[in-house]
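Examining the three-dimensional arrangement
Given next are the chains, with one letter for each unit.
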Amino acid sequence: MNMSLYGFGLTMGAVYVLVLAVAAFQPSLAPRNILFGISIPKSAVDDDAVRKLRRSYTGQVIGYGLAFGILVAAGILWKTGGTMPVDDTQWLATLPVGALLALFGISGGLFVAFHQKAERLKRESGWQEERRTAASLSLRKERLHYPLYAFAPHLLVILISAGAAWLLYDKIPDSIITHYNARGIPDRIQDKSYGTVFEMNLVQLFMLAIFIFVNYTTGAARMKIDPADPERSEEQQRRYRKGMSLLMLLLGLGMVIFMGFLQAFMLYGGSRMNGVLIGAAGIAPLVMSAAAVVSMMKLGKGRMEASRPGEDAKWKAGAFYWDRSDSAIFVEKRTGIGFTLNWGHPVSWVILAIILGFALAPLYLNP
C-alpha cells in the first residue's frame, strides 16, 4: 500500500471508528433510567437484565460495524491493488460516505430492535410508571445557556475570512479549485465569481445559525423536575444545560475556524500540496469531534430523567417525540444527549423546512 492510499485509509478509518464508537456507546450517553428510549424505575438501572441488554447492543454494533468496515477496506484493497488509482477516483472519495450511511442503518436497525426488547423487559418485569414530574419556576427564571453575544468570536472569524476575500479579490485566480480527489489532486474547478469566492462564508453563517439555534434550545427546552428530589434534579438540569451550551459554543467556534482555513486553501492556493494540507486540516474537526464525544459522555454520566406517566408511547422507536397535546416545541432527548423537536407540534416542521431551505440553497445558487 503506497503512502497516499495509506493516509487516505487512515483518515477515513479514523472517522469510521469515531462514528462507530458514538453509535455503540449511545446507551451510555442517555439518562441512566432510560433504556433504549424506554423509561425504567431508578431502582432497576443496575439490574442484571438491563446491564446485559446494554452490553449486548454495544457488542453487536461494534461487531457488525467492524465486520462491515473490514469488508469495505478489503474491497478497496482488492480493487486498487494497494496503490492509489491515477484516474477515476470519484468512487474512492464517495465510498466512505456510503459506508458511514450504511453504518447508521446498521446501528439504527439494532437500536429499534433493542427498543422493542427493552419494552418487553419492562412489561415482563412489571415495572410501574414513575410518578408525575413537577415544573420549576425558579430554575426557569435562570439563564441556562450562553447569551447571543457569546457567539461574537464566531462572527469575527467569519468577518475576517470574508474581509480577506474581499480585499484580495483581484489577486484570487480566475479559476478556483472547489474540490480535490482522494489523491489530493484538484478535480473540480469553477470560474471566479462572488458566488464561488464567498460561498464558504455563507456556509459559515449557516453553521453559526445552527449552533446558535441548538444553544437556544438548551434553555428553551421543556424542563422536568423530579418532585421526590427537586433540589438534586434542579442542579442536574442546571449543570447539564450549561454544559451543553458551552459545548455548542466551542464546537461552533472550531468549525467556523476550520471552514475559514478551507476557504483560504481554495482561494489562495491551487497546487497539489494544498490538497494535502486540506486533508491534514481535516484532522482538526476529527480530533475536535472526538473530544466532544468524551465531553458528552462525562456530561451525561449519572444523569436521570424525571419521566412522566405514559410518555414511553410518545417516543416513536424510542428516538422521535410526537405529542400533539404537548405545547413544548423542544424536549430533552432520550437517545444520546441534547435536545430534539416535538414532531407533533406544527412549529417543528416549520423549523425543519427553514433548516433544509438554508442547507439546499447553495445547490440552486451554484448548480
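The sections below set out a description of the structure shown in this document. Per chain, residue numbering runs from 1 following the sequence as it is written. Given that the model is predicted, a residue must reach a pLDDT of at least 70 before its local features are reported, and side-chain atom pairs must reach 80 or more before they are shown or counted; all residues, however, enter totals for whole chains, interfaces and linings. The side-chain figures draw on all heavy atoms in the structure; neither hydrogens nor water molecules are used.

What about the packing of aromatic side chains?
The pairing test for Phe, Tyr and Trp rings, Trp by its six-membered ring, is centres within 6.5 Å, and the orientation test on the planes gives stacked under 30 degrees, edge-to-face over 60, and tilted for anything in between. A complete count under the given rule lists 15 aromatic pairs for this structure. Ring centres 5.7 Å apart and planes at 65° place the aromatic pair phenylalanine 36 and phenylalanine 111 in the edge-to-face group. Remark: phenylalanine 111 occurs in helix H4 (residues 90–125) and phenylalanine 36 occurs in the loop between strand E1 (34–35) and strand E2 (38–39); sequence separation between them is 75 residues. The exposure class of phenylalanine 36 is buried, given its relative accessible area of 4%. In DSSP terms, a helix is any run of H or I states spanning at least four residues, a strand is any run of E spanning at least two, and both are numbered starting from the N terminus. In this scheme, a residue with accessible area under 20% of its type's maximum is buried, one over 50% is exposed, and one in between is partly exposed, where area comes from a 1.4 Å probe on protein chains only.

A closer look at the packing of helix H6 (residues 152–167) against helix H7 (residues 194–220)
Inter-axis angles, ranging from 0 to 180 degrees, are taken between N-to-C directions of lines fitted to C-alpha atoms, where helices are fitted over the stretch in contact. H7 packs onto H6 with a crossing angle of 180° between their chain directions and a minimal axis gap of 10 Å. In terms of their interaxial angle, H6 and H7 are classed as roughly antiparallel. Contact with H6, carried on its side by His154, Leu155, Val157, Ile158, Ser161, Ala162, Ala165 and Trp166, involves Tyr194, Val197, Phe198, Asn201, Gln204, Leu205 and Leu208 of H7 and no other residues of that element. In terms of residue class, the contact of H6 with H7 is made up of eleven nonpolar, four polar and no charged. Angles below 35 degrees are treated as roughly parallel, those above 145 as roughly antiparallel, those between 65 and 115 as roughly perpendicular, and all remaining angles as oblique. Working rule for contacts: check all heavy atoms of both residues, and any pair within 4.5 Å makes them a contact. Note that Gly is not counted as nonpolar here; it falls among the polar residues with everything else outside the nonpolar set of Ala, Val, Leu, Ile, Met, Phe, Trp, Tyr, Cys and Pro and the charged set of Asp, Glu, Lys and Arg.

What to know about the nonpolar core
Note on terminology: a nonpolar core comprises buried Ala, Val, Leu, Ile, Met, Phe, Trp, Tyr and Cys residues joined through side-chain atoms within 4.5 Å. With 28 residues, the main nonpolar core has Phe211, Met244, Met248 and Met259 as its most contacted residues. Broken down by secondary-structure element, the contributors of at least two residues to this core are H6, H7, helix H8 (230–268) and strand E8 (339–341). The element best represented in this core is H8, accounting for twelve residues. Look past the residues within four positions of methionine 259 in its chain and what remains in contact with it is Met200, Val203, Gln204 and Met207. Counting residues in each nonpolar core, the second largest holds 27 residues, with Phe36, Ala99, Phe114 and Ala118 among its members.

Points about the environment of alanine 49
Relative to the helices and strands, alanine 49 resides in helix H3 (residues 48–80). The class for alanine 49 is partly exposed, based on a relative accessible area of 30%.

Points about the pattern of salt bridges
Whenever Lys or Arg places a side-chain nitrogen within 4 Å of a carboxyl oxygen from Asp or Glu, that contact is recorded as a salt bridge. Using the criterion set out here, one finds seven salt bridges in the structure. One salt bridge connects lysine 192 with aspartate 174, and the closest N-O pair in it is separated by 4.0 Å. Placement of lysine 192 in the loop between strand E4 (186–191) and H7 and of aspartate 174 in the loop between H6 and strand E3 (175–180) is noted, with a sequence separation of 18 residues between them. Looking at aspartate 174, the relative accessible area reads 58%, which means it is exposed. Here glutamate 311 and arginine 334 are joined by a salt bridge, their closest N and O atoms 3.8 Å apart. One end of the pair, glutamate 311, is in the loop between helix H10 (283–300) and strand E5 (315–316); the other, arginine 334, is in the loop between strand E7 (330–332) and E8, with 23 residues separating them in the sequence. Each member of the pair, glutamate 311 together with arginine 334, is buried. Where salt bridges share partners, they join Lys122, Glu311, Asp312 and Arg334 into one cluster.

Some remarks on unusual backbone geometry
Even without glycine at this site, phenylalanine 36 takes up a positive phi of about 50°. Of note, the phi angle at alanine 317 is positive, near 60°, even though the residue is not glycine. Mapped onto the elements of the fold, alanine 317 is located in the loop between E5 and strand E6 (320–321). Residue class for alanine 317 comes out partly exposed when judged on its relative accessible area of 31%.

Structural notes on the side chain of glutamate 332
Mapped onto the secondary structure, glutamate 332 falls in strand E7. Every residue in contact with glutamate 332, bar those within four places of it in the chain, is listed here: Gln237, Tyr240, Arg241, Arg303, Trp315, Gly338 and Phe339.

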